[in-house]
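One letter stands for each residue in the lines below.
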Amino acid sequence: MNKPDYDSPASLKAFLDGQGMAMQKKFGQNFLINAAARRRLIDALQIDGNSSVWEVGPGLGAMTDEILSRGASLTAFEIDRGFAQCLPEFFKDYHQKGKFSLVQGDVLKTWRGEADRQMPDRFFGNLPYNVAATIIADMISAGVRFPRCVVTVQKEVAQRMCATVGSKDYSSFSILCGWAYKVSPLMDLGGGSFWPRPNVDSRAVVMELREDFPRCQNPAHFMKLIRALFSSRRKTVRNNLTVFYGNGQQAVDVLERSGISPQARAEELSLETFLHLSDISNSYIVEKL
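A quick note: this is a predicted structure, and the numbers were derived from the prediction, not measured. (Residues numbered from 1 in each chain as written. Predicted model: local features only at pLDDT ≥ 70, side-chain atom pairs only at ≥ 80, totals over all residues. Heavy atoms only, no water.)

(A) Fine view of the sheet that holds strand β6 (residues 148–154). Taken together, seven strands build an open sheet; the order of strands is β4-β3-β2-β5-β6-β9-β7 and the sheet is mixed. Strands at the two margins of the open sheet, each flanked by one partner only, are β4 (100–104) and β7 (181–189). Here the average twist between neighbouring strands, direction ignored, is 20°. With seven bridges connecting them, β6 and strand β9 (residues 202–209) associate as antiparallel partners. (Pairing = 2+ DSSP bridges. Helix = DSSP H or I, 4+ residues; strand = E, 2+ residues; numbered from the N terminus. Axes fitted to C-alpha atoms, helices over the stretch in contact; angles between N-to-C directions.)

Encoded structure:
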């Protein structure tokens, strides 16, 4: 089985038609047909022959081909059964050398098993638009981080990942990403870079591991706290903390010890402030036990 021309929509369509396959909208499938963009993405991943990579959503292997050609070992996660049948054929030589393996199924259900076996030093993916944030948040929440990640997501998701305090895109997801990684935009990709052409723009971001992670006493408490504080954005931190603790006086006491105004809102608080608040909150709860 020969690989299609990854730069040619006509070649990709002909291959799919010849195999009796079709793109599935529910999986958010779009092939990156911009060769220069593919090279730039893998350049940003900073890999060599000693690198190990997880790739989510390889499709027919355009990015897989680029990664493997640079000598890295690669584990690909693919949910589409048709694509999953093609990939081992396309990369048979790499598989025989122990450089390529495939995990078929929903990555949200399979990545933990792979993490238990062996963790790579790179994470890569043109992530499906409908689950991109969930994949990233699930891994961070489980304490699984990679020294370097390069992901392409819907532009709005990337804006949330990189959002700064006070901006309209600032959310608990922004805090979660900024807590675990230094996140920076790499490049924007318009619809014309993909086939089929999506109705949204994409943005690639680079995520570099924060060495001082987690910077708080109780990471689990920190994550619960930021979700609670952003649960009702229009409410004050006092009101959201009252719901979180189930106790209005406890909310007042923690905010007073933290030096945070009860009338403040979550989008006004920096990551450092959240970390400080989490430690005060955690210590207060332990003190009251």
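(B) Summary view of helix α4 (residues 81–90). Listed as buried for α4 are G82, F83, A84, C86, L87 and F90. The inward-facing, buried residues of α4 abut α1 (9–18), β1 (31–32), β3 (73–78), α5 (92–96) and β4. The backbone nitrogen of G82 lies 2.9 Å from a side-chain oxygen of the residue at the head of α4, namely D80. (Buried < 20%, exposed > 50% of the residue type's maximum accessible area, 1.4 Å probe, protein only. Contact = heavy atoms within 4.5 Å. Polar contact = N/O pair within 3.5 Å; in protein donor to acceptor, adjacent residues only side chain to side chain.)

(C) The packing of aromatic side chains, seen in detail. Throughout the structure, instances matching the rule amount to 14 aromatic pairs. Ring plane angle 85° and centroid distance 6.3 Å describe the contact between F90 and F91, whose orientation is recorded as edge-to-face. With respect to class, F90 is no different from F91; both count as buried. Through successive ring pairs, a cluster of aromatic residues spans F15, F90, F91, Y94 and F100. Of note, R145 hangs over the ring of F213, and the distance from its end group to the ring centre comes to 3.8 Å. (Phe/Tyr/Trp six-rings, centres within 6.5 Å; stacked < 30°, edge-to-face > 60°. Lys NZ or Arg CZ within 6 Å of the ring centre and 35° of its normal.)

(D) Quick peek at unusual backbone geometry. Going from W195 to P196, the amide bond is cis rather than trans, its omega being -10°. Along the chain, P196 falls in the loop between β8 (194–195) and β9. In the segment running from F213 into P214, the intervening peptide bond is cis, with an omega of 10°. Within the fold, P214 resides in the loop between β9 and α10 (219–229). Even without being glycine, Q46 reaches a positive phi, approximately 55°. You can see Q46 is positioned in the loop between α2 (35–45) and β2 (52–56). By relative accessible area, Q46 is classed as partly exposed at 47%. A positive phi angle, near 60°, is found at R215, a position not held by glycine. For R215, the location among the structural elements is in the loop between β9 and α10.

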